[in-house]
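Structure at a glance
Here are the chains, one letter per residue:
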Amino acid sequence: MDVLFCSAVLGILAADFLSGLVHWGCDTWGSVDLPVVGKVKARSPAHPYRHLCSILQSFIRPFREHHIDVLAITRHDFIEVNGDNCLATLGPLLLMAYTLLTLSSEQIRNWYA
């Protein structure tokens, strides 16, 4: 029980620290004019990566927006405020689901032991 409690506390502290570090980095060096995570323009509506470009365009904007308009976050719905954070966890969660669905119980025990 002590190990579980300590793991939970350390996980919460690590998540808080890392999210603060990312937020500080985006506030310090982030700009909406950055070529990859700031402003990405797809060349045409038929561009094969236009959806990825629109997702990347909105990565830095929320970090910078709260300096311009402090109350902007209060005018957005829950999905708009938390959507990027949820998408960031999608890859590891899909990998975990794939692992749990495709490996045998013995392989899973060896993997997570």
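The rules behind the values
Residues numbered from 1 in each chain as written. Predicted model: local features only at pLDDT ≥ 70, side-chain atom pairs only at ≥ 80, totals over all residues. Heavy atoms only, no water. Helix = DSSP H or I, 4+ residues; strand = E, 2+ residues; numbered from the N terminus. Buried < 20%, exposed > 50% of the residue type's maximum accessible area, 1.4 Å probe, protein only. Contact = heavy atoms within 4.5 Å. Areas by Shrake-Rupley, 256 points an atom, 1.4 Å probe, with all protein chains shown as cover. Expected span 1.5 Å × (residues − 1). Axes fitted to C-alpha atoms, helices over the stretch in contact; angles between N-to-C directions. Parallel < 35°, antiparallel > 145°, perpendicular 65-115°, else oblique. Nonpolar A, V, L, I, M, F, W, Y, C, P; charged D, E, K, R; others polar. Patch = residues over 30% accessible without salt bridge, like charges linked within 9 Å, V, L, I, M, F, W, Y side chains within 5 Å. Salt bridge = Lys/Arg side-chain N within 4 Å of Asp/Glu carboxyl O. pLDDT = per-residue confidence, 0-100.

This part covers the overall build of the protein. Looking only at helices and strands, the protein has 5 helices and 0 strands in total. Ordering the α and β elements of the protein from the N terminus gives α-α-α-α-α. Across the 113 residues in the protein, those meeting the buried criterion constitute 12%. In the protein, the proportion of contacts linking residues at least 24 apart, taken out of those at least 6 apart, comes to 36%. Summed over all atoms, the accessible surface of the protein reaches about 9,400 Å², with 70% contributed by carbon and sulfur.

On to helix α1 (residues 2–29). For an α-helix, the turn length of 3.6 residues means that residues three or four places apart are oriented alike. Helix length check: α1, at 28 residues, gives a terminal C-alpha distance of 40 Å against a target of 40 Å (1.5 Å per residue), a fit within 8%. Taken together, the buried positions of α1 are occupied by Gly25, Cys26 and Asp27.

On to the packing of helix α3 (residues 78–88) against helix α4 (residues 90–102), then. Closest axis-to-axis distance for the α3/α4 pair is 4 Å, and the angle between their directions is 40°. With respect to α4, the element α3 is oriented oblique. Facing α3, whose interface residues are Cys86, Leu87 and Ala88, α4 presents Leu90, Gly91 and Pro92. Across the contact of α3 with α4, the residue classes tally to 5 nonpolar, 1 polar and no charged.

A grouping of Phe17, Leu18, Leu21, Trp24 and Trp29 is seen on the molecular surface, where their side chains present a nonpolar patch of about 620 Å² in accessible area. Within the secondary structure, Phe17 sits in helix α1. Judged by relative accessible area, Phe17 falls into the exposed class, the value being 55%.

With 73% of its residues at a pLDDT of 70 or more, the protein shows a mean pLDDT of 78. Ranking the helices and strands of the protein by mean pLDDT puts α4 first, with 89, and helix α2 (residues 50–68) last, with 67.

A few words now on the side chain of Thr99. Considering the arrangement of structural elements, one finds Thr99 in helix α4. By relative accessible area, Thr99 is classed as buried at 7%. Setting aside residues no more than four positions away along its own chain, Thr99 makes contact with Ile108 and Tyr112.

Let's shift gears to the pattern of salt bridges. Tallied over the entire structure, the rule returns 1 salt bridge. The partner of Asp69 in a salt bridge is Arg75, and the shortest N-O contact between them spans 2.0 Å. Here Asp69 falls in the partly exposed class, since its relative accessible area comes to 29%. On the accessibility criterion, Arg75 (55% relative accessible area) is exposed.

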